[in-house]
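Chains, contacts and geometry: an overview
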Amino acid sequence: MKRKVLLAVPHQDDELFVGGGLFKTLAQQGGYEAYVVFTTNGDFFAHEAKVRMEESFYVLTRFYGVRDSHIFFLGYGDGWRDGVHLYHQEGEEPLVSQAGRTETYGTKGHEDYRWLKSGRHSPYCRADFKRDLKDVLSEVSADVLLVVDFDSHPDHRAASLLVEECLGELLLERPSYRPLVLKRFAYDGVWKGEADFFEVPGKATILKELSLFPYTESDMLRFAMPDDCVTPRFFINFLYRAFRCYKTQEIWQKADEIINIDEVYFKRDTDNLLYEAKLSASSGNPEYLRDFKLFDCADVTRRELVCKECGWKPDEADEKRRVQIHFERPVTVGRIAVYARGTCGKDRLRAGFYFDTGASLCAEIRPDGKKNLFAVGTQRDVRDMELLIEEWEGVSWGITELEILPPEERDLPEELERALFREESGDPQTADEALMKIRKAIHGVKKKLSRWMPNRHALRQLYPELAGRERVPVRYRMKYIARRIRQTGKASDASD
């Protein structure tokens, strides 16, 4: 049987930013059955939902070769009217989406997932959102998951966190299920990338906000972009041609920012032996140590990360301050990874790990949310371990994840190993510098023309009364041009 790859993203067009060339490699050349799940209908502008679903359906089936039945639309809203994002919804009263909906929906031929499975729609409640997403993850049981990471967009954040939450439960429930999980930002380095595609030599992805997240540069997995995705000849460039299919979003305009010679992913370990252990703590909730979430967010709509309870920490009065770990069967341990959140330079955490083999490790844990990785030598036939807090100052959100890992990291599948970007492979862009400057200039002219003469979808976003009309009257185009002239004049006056 073929292996499976599942791409999990919030909006129609995010599959191109998160999946990009790697999803193409796996779907078309790697011997994988490809699946995609969209958590929202992209209906911030209500009239665009049907069109966006059809656009994504066309791109995935025609360009990536994904089967019709392997594309899932959960059917949740893109934006919410009451200021509370669905990720934080509580109780039984469903939220109202920006499009005025209160339950999932699809279109003819592309019905929402719950309707297809149960003959009913799901209300816009967090519990239903999670259940639908978890059911997809469980049903597909993909060997490789490509998942949107915690971007600045609320829907991206919600999808990222909820996929992790669902996976944490599945990893506990199914000891034999240990997929490869790769996460990628759709904004940093992609939608908000440097406009450097036409530079010679070609540029690798630059992540400007990495310090805000639980990763370092050493955690990056950089995959080389397939040649037909990075060629500067846009009329044959795979990604650029796919971008052009999204008339509603006009994402082709940002092709020089989105496309680089590589794609950056971050791997999340699923080989954590804690998923097969019994945990008990002297105080606090030890389940946070293995929920697969490196942090949780109190408000996904705020630009800065606002954490909520997401880690194990002992009570202040607890003098024992320990977690006991018992494995039902003997395991072999070689590495320990610890994530903790507090204030670096102010808070302090020192922990000891003790094995029933007689081995032990005491170490300082940086409370910056990033991985603290320790080698403990190969400890065989381990049945019991203990985490003991030696010193604890501050560290407000506690130890957010603990990974007890085998001695060796699992190898990447062969097709992914081959796809890794290597500096010695050189720059696939063979065009000379002068030709690249010409192409850059042509692309720039096309963007300017499009901004002065936008398509009907862009005009419908500006003028809601056009939403139900197939054709855009000429007067609206003239109205838009007059608006642009006024804006240009105001910008010129301001600069003077």
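Because the structure is predicted, anything quoted here is derived from the model rather than measured. (Residues numbered from 1 in each chain as written. Predicted model: local features only at pLDDT ≥ 70, side-chain atom pairs only at ≥ 80, totals over all residues. Heavy atoms only, no water.)

1. Here's the deal with a nonpolar patch on the surface
- A cluster of nonpolar side chains, Leu 435, Ile 438 and Ile 442, forms an exposed patch at the surface whose accessible area comes to about 250 Å².
- Inspection of the secondary structure puts Leu 435 in helix H10 (residues 433–452). (Patch = residues over 30% accessible without salt bridge, like charges linked within 9 Å, V, L, I, M, F, W, Y side chains within 5 Å. Areas by Shrake-Rupley, 256 points an atom, 1.4 Å probe, with all protein chains shown as cover. Salt bridge = Lys/Arg side-chain N within 4 Å of Asp/Glu carboxyl O. Helix = DSSP H or I, 4+ residues; strand = E, 2+ residues; numbered from the N terminus.)

2. A short note on the nonpolar core
- Counting residues in each nonpolar core, the largest one holds 110 residues, and the members touching the most others are Leu 16, Phe 23, Tyr 64 and Phe 243.
- Counting residues per element, this core draws most heavily on helix H5 (residues 154–173), at nine residues.
- Dropping the residues within four chain positions of it, Phe 23 is found in contact with Val 5, Leu 7, Ala 34, Tyr 35, Val 36, Leu 60, Tyr 64, Val 66 and Leu 146.
- Leu 279, Val 338, Phe 374 and Leu 387 belong to the second-largest nonpolar core, a separate cluster that totals 32 residues. (Core = buried A, V, L, I, M, F, W, Y, C linked by side-chain atoms within 4.5 Å. Buried < 20%, exposed > 50% of the residue type's maximum accessible area, 1.4 Å probe, protein only. Contact = heavy atoms within 4.5 Å.)

3. Comments concerning the packing of helix H1 (residues 14–28) against helix H2 (residues 49–63)
- The geometry of H1 relative to H2 is characterised by a closest axis approach of 11 Å and an angle of 25 degrees between their N-to-C directions. Accordingly, the angle class assigned to the pair H1 and H2 is roughly parallel. The element H1 and its partner H2 pack so that their crossing is right-handed. Only Ser 56, Val 59, Leu 60 and Phe 63 of H2 make contact with H1, whose side of the interface consists of Glu 15, Leu 16, Phe 23 and Gln 28.
- Residue composition of the contact of H1 with H2, by class: five nonpolar, two polar and one charged. (Axes fitted to C-alpha atoms, helices over the stretch in contact; angles between N-to-C directions. Parallel < 35°, antiparallel > 145°, perpendicular 65-115°, else oblique. Left-handed = near helix turned anticlockwise from the far one by under 90°. Nonpolar A, V, L, I, M, F, W, Y, C, P; charged D, E, K, R; others polar.)

4. Notes on the environment of Val 5
- Looking at the element boundaries, Val 5 is found in strand S1 (residues 3–9).
- C-alpha of Val 5 to C-alpha of Glu 414: the two residues are 409 residues apart in sequence and 14 Å apart in space.
- Contacts of Val 5, omitting those with residues within four sequence positions, involve Phe 23, Leu 26, Tyr 32, Glu 33, Ala 34, Tyr 35, Ala 142, Val 144 and Leu 146.

5. Some words on the environment of Arg 52
- Inspection of the secondary structure puts Arg 52 in helix H2.
- Residues within four places of Arg 52 in sequence aside, it is in contact with His 11, Gln 12, Asp 13, Gly 42, Asp 78, Tyr 246, Thr 248 and Gln 249.

6. Re the pairing of S1
- Of all seven residues in S1, five are buried; the element is thus mostly enclosed.
- Inspection of the sheet shows S1 paired to strand S2 (residues 32–40) by seven bridges, in the parallel sense. Bridging across to S2, Val 9 finds its partner in Phe 38.
- Chirality of the crossover, the property in question, places the unit of S1, H1 and S2 among those that are right-handed.
- Where S1 and strand S4 (residues 144–148) come together, four bridges link them in parallel fashion. Considered in S4, the bridge of Leu 7 is made with Leu 146. (Pairing = 2+ DSSP bridges. Right-handed = clockwise from strand over helix to strand, strands pointing away.)

7. Examining the packing of helix H4 (residues 126–140) against H5
- Close contact between H4 and H5 brings their axes to 9 Å; oriented N to C, the two are set at 55 degrees. With respect to H5, the element H4 is oriented oblique. In the packing of H4 onto H5, the handedness of the crossing is right-handed. Every residue of H5 that contacts H4 at Arg 126, Phe 129, Lys 130, Leu 133, Lys 134, Leu 137 and Ser 138 is listed here: Leu 162, Val 163, Glu 165, Cys 166, Leu 167, Glu 169, Leu 170 and Glu 173.

8. Brief notes about the pattern of salt bridges
- Per the counting criterion, the structure on display carries 41 salt bridges.
- In this structure, the salt-bridge partner of Glu 194 is Lys 208, at a minimum N-O distance of 2.3 Å. Of this pair, Glu 194 sits in the loop between strand S5 (180–184) and strand S6 (220–224) while Lys 208 sits in the loop between S5 and S6; the two residues are 14 residues apart in sequence, bridging distant segments of the chain.
- Classification of Glu 194 as partly exposed rests on a relative accessible area of 34%.
- The residue Asp 296 makes a salt bridge to Lys 293 at a minimum N-O spacing of 3.1 Å.

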